[in-house]
Amino acid sequence: MKKTLLIAVLTLMGSAVFAQSGSGFGIKAGLSYNKNGDLIGSVGDAGQNISEGAEGKAGYHVGFWGKLDFPKIYLRPELVYSKTKSSYDVNGDSNDYDISKLDFPVLLGYKLIGPLHIFAGPAFQYTLKNDLGDIEVEDVENDFTVGLNAGVGVNLGKIGVDVRYERGFSENEARIISNNIADIDGRVDSRPSQIIFALSVKL
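Note that the coordinates shown come from a computational prediction; the quantities given were computed from them, not determined experimentally. (Residues numbered from 1 in each chain as written. Predicted model: local features only at pLDDT ≥ 70, side-chain atom pairs only at ≥ 80, totals over all residues. Heavy atoms only, no water.)

Student: Mind laying out the overall build of the protein chain, listing which residues take part and the relevant values?
Tutor: A tally of regular secondary structure across the protein chain gives one helix and 13 strands. When each of the 203 residues of the protein chain is scored for burial, the buried share is 43%. In the form shown here, the protein chain has an accessible surface area of approximately 11000 Å², with 64% of it arising from carbon and sulfur atoms. (Helix = DSSP H or I, 4+ residues; strand = E, 2+ residues; numbered from the N terminus. Buried < 20%, exposed > 50% of the residue type's maximum accessible area, 1.4 Å probe, protein only. Areas by Shrake-Rupley, 256 points an atom, 1.4 Å probe, with all protein chains shown as cover.)

Structure, rendered in structure tokens:
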């Protein structure tokens, strides 16, 4: 009886893996926990220095993916709209730093065992908008930047779940102009550092 049950479970797992195998495309969405880099500058005539890291907050993403499947590896490009958020304490006030961007990760994956796989690759990023609460900021220095995605995932049938880490490679700062209370001279590092949880569906 135990042997029969084991064979049945292995058969079902094999069927699930086979259903997900092969080239194809689909949609994805998920949540993230993001932290940007430091805010550095001075406030008012007294020249009070600011140099603080961000407090992380939740964000989200939606997008599309494609997959070229090979026996042990796969190539998976994605096009994703991401909304990230972190928070800075400036002169006693909390200001949320919202960034909207398009991500284009190109991932190379390796199939470990059954439905389990790992992946990594560059993520090309285009910043659409950045906003720092009541503080006026300019556009980021570079609209296009490059980061890294790396993670692990599980595919079951047409459903895939993965968790990944994303990090921006190069500094990409936005200059702070002012707010309603005091003149602020400084900059904020828009480079992302985030943990991303994603759900994928093969169409």
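Student: Provide a residue-level description of the pairing of strand β10 (residues 159-168), including the pertinent values.
Tutor: Residue alternation in β10 divides its side chains into a buried set, G160, D162, R164, E166 and G168, and an unburied set, I159, V161, V163, Y165 and R167. Sheet topology note: the strand β9 (residues 144-156)/β10 ladder contains 10 bridges and is antiparallel. Within β10, the residue paired with G147 across the bridge is G168. Bridging between β10 and strand β13 (residues 193-202) involves nine bridges; their strand directions are antiparallel. Considered in β13, the bridge of E166 is made with Q194. (Pairing = 2+ DSSP bridges.)

Student: Please give an account of the packing of aromatic side chains that cites residues and values.
Tutor: A complete count under the given rule lists two aromatic pairs for this structure. Look at F104 and F124: their rings are 6.4 Å apart centre to centre, the planes differ by 35°, and that puts the pair in the tilted class. One end of the pair, F104, is in strand β6 (residues 93-113); the other, F124, is in strand β7 (residues 116-132), and 20 residues separate them in sequence. Ring plane angle 45° and centroid distance 4.8 Å describe the contact between Y126 and F144, whose orientation is recorded as tilted. Here Y126, found in strand β7, pairs with F144, found in strand β9; they are 18 residues apart in sequence, far enough to count as distant. When its relative accessible area of 30% is taken as the criterion, Y126 is described as partly exposed. Above the face of the Y74 ring, K67 is positioned so that its terminal group lies 5.0 Å from the ring centre. The residue whose ring lies beneath R76 is W65, and the NZ or CZ to ring-centre distance is 4.4 Å. (Phe/Tyr/Trp six-rings, centres within 6.5 Å; stacked < 30°, edge-to-face > 60°. Lys NZ or Arg CZ within 6 Å of the ring centre and 35° of its normal.)

Student: Tell me about the side chain of E78, residues and numbers included.
Tutor: Following the sequence through the fold, E78 ends up in strand β5 (residues 73-90). Residue E78 is classed as buried on the basis of its relative accessible area of 1%. Among the polar contacts made by the side chain of E78, one reaches the side chain of K28 at a distance of 3.2 Å. Not counting chain neighbours up to four residues away, the residues in contact with E78 comprise K28, F64, W65, D103, F104, P105, L107 and R164. (Polar contact = N/O pair within 3.5 Å; in protein donor to acceptor, adjacent residues only side chain to side chain. Contact = heavy atoms within 4.5 Å.)

Student: Explain the nonpolar core residue by residue, including any values.
Tutor: Within the largest apolar cluster, 11 residues are counted, these being L39, Y88, Y97, I99, L132, I135, V137, V140, A174, I176 and V188. Elements with a minimum of two residues in this core: β6, β8 (136-140) and β11 (173-178). (Core = buried A, V, L, I, M, F, W, Y, C linked by side-chain atoms within 4.5 Å.)

Student: Give me the lowdown on the environment of I73, citing residues and values where you can.
Tutor: Its location among the elements puts I73 in strand β5. Distance in space between the C-alpha atoms of I73 and F119 is 9.3 Å, their sequence separation being 46 residues. Not counting the four nearest positions on each side in its chain, I73 is found in contact with L108, G109, Y110 and K111.

Student: For the pattern of salt bridges, give the residues involved together with the corresponding values.
Tutor: The final tally for this structure, using the stated rule, is 10 salt bridges. Here D69 makes a salt bridge to K111, at a shortest N to O gap of 2.8 Å. Here D69, found in strand β4 (residues 55-69), pairs with K111, found in strand β6; they are 42 residues apart in sequence, far enough to count as distant. Taken as a pair, D69 and K111 share a single burial class, namely buried. Between D103 and K101 there is a salt bridge whose closest N-O contact spans 2.8 Å. Of the two residues, D103 and K101, both sit in the buried class. Linked by salt bridges that have partners in common, K28, R76, E78, D162 and R164 make up one network. (Salt bridge = Lys/Arg side-chain N within 4 Å of Asp/Glu carboxyl O.)

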